[in-house]
Amino acid sequence: MSTGSALRDDAVAGHVAAYGVEPAGVGFAPGRVNLIGEHIDYNGGLVLPVALPLGTTCSVSPRDDGALHVSSASVDGPPVVVPLDDLESGARQGWSSYVLGAFAHSRSRHSFEGGASLRVDGDVPLGAGLSSSASLECAVLVALDAATGLVHDPLTLALSAQAAEHEYAGVPCGIMDQAASMLGRADHALLLDSATLHHEHVPLHLQEQEVVLLVVNTRAHHELTDGGYAERRAACERAAAVLGVEYLVDAEPAAVEALPEPERRRARHVVSEQTRVRAAVRAFGLGDLASVGELFAASHASLRDDFEVSCPELDVAVAAAYDAGALASRMTGGGFGGSTVALVRVDDVVVVTAGVEAAFRSAGFRSPEVLVVAPADGARTLY
Ligand code: ADP
Ligand code: MG
């Protein structure tokens, strides 16, 4: 990822090329990788994501034709044009739905009565479980603040971004991705209570232990917006209703065992994952990465066997990383493809990368994309 000034200059040049005018504001928001606490942000759980050094920029300028014009450096063709009067209607198709949703959800706070031109550009791999979608929504909201000189609370923007994803993209996501994008901090993970939105920044002490985060994008994509995510969420809601708890993470383990299938296994993952998040925060605090390794392995097994959202590519990436010397590894994000996250000693990065690539070759999978990342700062105004 480039520096802030290079990102700003690229965004301004891209905006001028697309619309012939300079932007009135430019925002940046990162993607995220979740360390642990998977599929529990819609069950009232604790989650531990970090913001990535990869992200999305959005530039915005006012118009006077009463329409939104939306374009992306990642998408060929002319801008998508939507009259402001048509913005209120709900879920729609395609990448621009995230942008239209974010604009619509912040409309009462901003004055773009004549319309607006928006352009986005980013380097978060799309659909890889690294939250390009939250990064896109949050970048739009920060750009609108930048253009109008307003400053909103990061959680207010995260909630607007989440609402946009629910209503316009049709994905019933939790709050983790948007909160991580808005609130991330360099060298820290965000410990977020998804029930209360209480949060703190947890130092990871990775640098002093000469350990890095290694993200493996498997490039596999099996389902997700296609119903798998919504189906898991619905099973969790059924389980919570039967058990009479507001949040499934608060269910008693013994009561969970009495549920019918598949609710029993889904709830078992949720309840056990919450315990692992607390233990991982303690272990990171003590610099005890051996324990983090056991917790990541248990989290992955639970997502694979109880929650059933892993896939062969994720399982191979995790196993190969441990075999090659990673301290910790697990699938991250919604699953059904996407990415894994590992903790790897700096000296072992080359060996672990080679081990994962070799395992993918032997399994006949596409070659994965391997990224070494450091926890980065959250969303900000660039211009
Ligand atoms: P993830 O958030 O893990 O990357 P999602 O399926 O939730 O996966 O979101 C990916 C979608 O977000 C893309 O398919 C695309 O519609 C949209 N998107 C994200 N970033 C951009 C971008 N820079 N340009 C166009 N569309 C984007
Ligand atoms: Mg997403």
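Anything mentioned here points back to the structure above.
A brief look at the structure comes next. Keep in mind it's a predicted model, so treat the numbers as computed, not measured.

### Structural notes on the nonpolar core
Moving on, step 1. Formed by 98 residues in total, the largest nonpolar core has its most connected members in Leu35, Leu68, Phe103, Leu118, Val140, Phe284 and Leu343.
Moving on, step 2. Sequence-distant contacts of Val140, defined by excluding residues within four places in its chain, comprise Cys58, Val99, Ala102, Phe103, Leu118 and Val120.
Moving on, step 3. In terms of nonpolar packing, the next biggest core, distinct from the first, is built from 14 residues, Ala317, Ala321, Ala326 and Val349 among them.

### Quick notes on the side chain of Arg119
Moving on, step 1. One can find Arg119 in strand S6 (residues 115-122).
Moving on, step 2. An unpaired buried charge is present at Arg119: no salt bridge exists, and Asp121, the closest side chain of opposite charge, is 5.7 Å distant.
Moving on, step 3. A polar contact is formed between the side chain of Arg119 and the side chain of Ser71, at a distance of 3.2 Å.
Moving on, step 4. Once you skip the residues sitting within four places of it in the chain, Arg119 turns out to touch Gly14, His15, Ala18, Tyr19, Thr57, Cys58, Ser59, Ser71, Ser72 and Ala73.

### Here's the deal with the pattern of salt bridges
Moving on, step 1. If you walk through the whole model with that rule in mind, you get 19 salt bridges.
Moving on, step 2. Here Arg265 and Glu261 are joined by a salt bridge, their closest N and O atoms 3.1 Å apart.
Moving on, step 3. Among the residues examined, Arg265 registers a relative accessible area of 22% and is labelled partly exposed.
Moving on, step 4. Arg268 is the salt-bridge partner of Asp306, the closest N and O atoms lying 2.9 Å from each other. Of this pair, Asp306 sits in the loop between helix H9 (289-305) and helix H10 (312-323) while Arg268 sits in helix H8 (residues 263-286); the two residues are 38 residues apart in sequence, bridging distant segments of the chain.
Moving on, step 5. On the accessibility criterion, Asp306 (12% relative accessible area) is buried.
Moving on, step 6. The network of salt bridges with shared partners includes Glu257, Glu261, Arg264, Arg265, Arg266, Arg268, Asp306 and Glu308.

### Considerations on the site of ligand 1
Moving on, step 1. Around ligand 1 there are 15 residues in total, and Ser72, Gly127, Gly129, Ser132 and Ser133 lie nearest to it.
Moving on, step 2. Between ligand 1 and Ser133 there is a distance of 3.0 Å, counted from an oxygen atom to a side-chain nitrogen or oxygen.
Moving on, step 3. Alone, ligand 1 offers 560 Å² of accessible surface; in the complex the protein occludes 85% of this.
Moving on, step 4. Taking a 2 Å distance to the grid points as the criterion, the majority of the atoms of ligand 1 fall inside the largest pocket.
Moving on, step 5. Take the shell around ligand 1: its biggest share by element is three residues, from helix H3 (residues 132-148).

Calculation notes
- Residues numbered from 1 in each chain as written.
- Chains lettered and ligands numbered in written order.
- Predicted model: local features only at pLDDT ≥ 70, side-chain atom pairs only at ≥ 80, totals over all residues.
- Heavy atoms only, no water.
- Core = buried A, V, L, I, M, F, W, Y, C linked by side-chain atoms within 4.5 Å.
- Buried < 20%, exposed > 50% of the residue type's maximum accessible area, 1.4 Å probe, protein only.
- Contact = heavy atoms within 4.5 Å.
- Helix = DSSP H or I, 4+ residues; strand = E, 2+ residues; numbered from the N terminus.
- Lys, Arg positive; Asp, Glu negative; His and termini not counted.
- Salt bridge = Lys/Arg side-chain N within 4 Å of Asp/Glu carboxyl O.
- Polar contact = N/O pair within 3.5 Å; in protein donor to acceptor, adjacent residues only side chain to side chain.
- Near = heavy atom within 4 Å.
- Areas by Shrake-Rupley, 256 points an atom, 1.4 Å probe, with all protein chains shown as cover.
- 1 Å grid on protein atoms, 1.4 Å probe; cavity = no way out; pocket = protein on both sides within 12 Å on 5 of 7 lines; lining within 4 Å.
- Sits in = over half its atoms within 2 Å of the grid points.

Functional significance is not addressed by these values, which are geometric in nature.
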